[in-house]
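So you can see what is in the structure, the chains are spelled out below.
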Amino acid sequence: MVGKDPRMPLSTAHVATSRPERYVKQLISHMSHKAAAELTDHGRGTIAFRHGTCTLVSAGDELILIAAAADNDAVAGVQDVITRHLLRFATQEELRIDWTEPVAGDALRIVDPSIDDYLRAHCTPADELLRELAATTREATGHAAGMQISADEGALLSMLVRLSGARRAIEIGVFTGYSSLCIARALPADGQLIACDVSREWTAIARTFWERAGVADRIDLRIGPALETLRALPAEPAYDFAFIDADKANYPAYYEEVVPRLNSGGLLVLDNVFLGGRVLDPAFQEESHLAMRRVNEAIAGDDRLDCVMLPVRDGVTLARKR
């Protein structure tokens, strides 16, 4: 049908059972002879078939199944295999396995409106200058204003900088300077933020607000490709905090350049690690989607870092250098 999006690759099932962990282990053990099956921590397992994947999660009195594939037919194939084997293993109880209708990753509701409203009402509100910067950004940049972080994420950045005791910081992706302002304000008076961006037009707005906030002397704006800026910095550890919120295709390269330059105990923060749900969806295969999946996997397996991925806005990863 013309206009119909064929990408509907995510489907879930919540199976009521008194023995979810047992089923996870059985399925992983059995499927390991036919597919790449792995039992991870906290009662979680993954099975990678040639045509799709299934994640199995033991959660209290239910087994959660998540099927993903590149198209609807492939999802149905994953559902069929898992359902048949699970029913075969359930000799002591009758299981009901109802899969949801498949949905595309970008149709997932990352933040429910009611939760969004509640959390905004229970965060320290942005001050007048930050609110003015947000309004100016909307007026000056139109639809591009969506690149600006939200007020609650700005508050999180400020808190992380203060909690980490950072003195020297790096930001990749400035836009109109909201995140820079949140970071710089949280630095000590003699702190320094190297802010990397390619746009003189948008950072001109940033400069105005940095001056008004009295933190312009803490911010060293570097106009040009961020990778060139990073590679020009000394290679040894010297920075306590880094925030990456720029072109997604270069996230893996930014991460590789930043981590060696972080001090022990330094904090790396990455924004947009969900890409609107697209990283969960194997149907999305653009360069930015592949790059974000790659950096998410790399950070999770990097023995130089301790990390946590948070469902904040469009996904935020915090990684502390050991």
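Before any of the text, the structure's been laid out above.
Our subject in this report is the structure included herewith. (Residues numbered from 1 in each chain as written. Predicted model: local features only at pLDDT ≥ 70, side-chain atom pairs only at ≥ 80, totals over all residues. Heavy atoms only, no water.)

### As for the packing of aromatic side chains
- This structure, assessed with the given rule, holds 1 aromatic pair.
- With a centroid separation of 4.8 Å and 85 degrees between ring planes, the pair formed by F175 and W202 is classed as edge-to-face. Of the two residues, F175 is situated in the loop between strand 6 (168–172) and helix 6 (178–186) and W202 in helix 7 (residues 200–213); the sequence distance between them amounts to 27 residues.
- Owing to a relative accessible area of 8%, F175 belongs among the buried residues under this scheme.
- A relative accessible area of 25% places W202 in the partly exposed class.
- In this structure, R168 is placed above the aromatic ring of Y239, and the distance from its NZ or CZ to the ring centre is 4.6 Å. (Phe/Tyr/Trp six-rings, centres within 6.5 Å; stacked < 30°, edge-to-face > 60°. Helix = DSSP H or I, 4+ residues; strand = E, 2+ residues; numbered from the N terminus. Buried < 20%, exposed > 50% of the residue type's maximum accessible area, 1.4 Å probe, protein only. Lys NZ or Arg CZ within 6 Å of the ring centre and 35° of its normal.)

### A word on the packing of helix 4 (residues 128–141) against helix 6
- Packing of helix 4 against helix 6 brings their axes to within 10 Å, and their N-to-C directions diverge by 160 degrees. Relative to helix 6, the element helix 4 is oriented roughly antiparallel. Relative to helix 6, the crossing made by helix 4 is right-handed. Contacts between helix 4 and helix 6 involve L129, L130, L133 and A134 on the former and, on the latter, Y178, L181, C182 and R185.
- A per-class count over the contact of helix 4 with helix 6 returns 7 nonpolar, no polar and 1 charged. (Axes fitted to C-alpha atoms, helices over the stretch in contact; angles between N-to-C directions. Parallel < 35°, antiparallel > 145°, perpendicular 65-115°, else oblique. Left-handed = near helix turned anticlockwise from the far one by under 90°. Contact = heavy atoms within 4.5 Å. Nonpolar A, V, L, I, M, F, W, Y, C, P; charged D, E, K, R; others polar.)

Just geometry here; none of it tells us what the structure is for.
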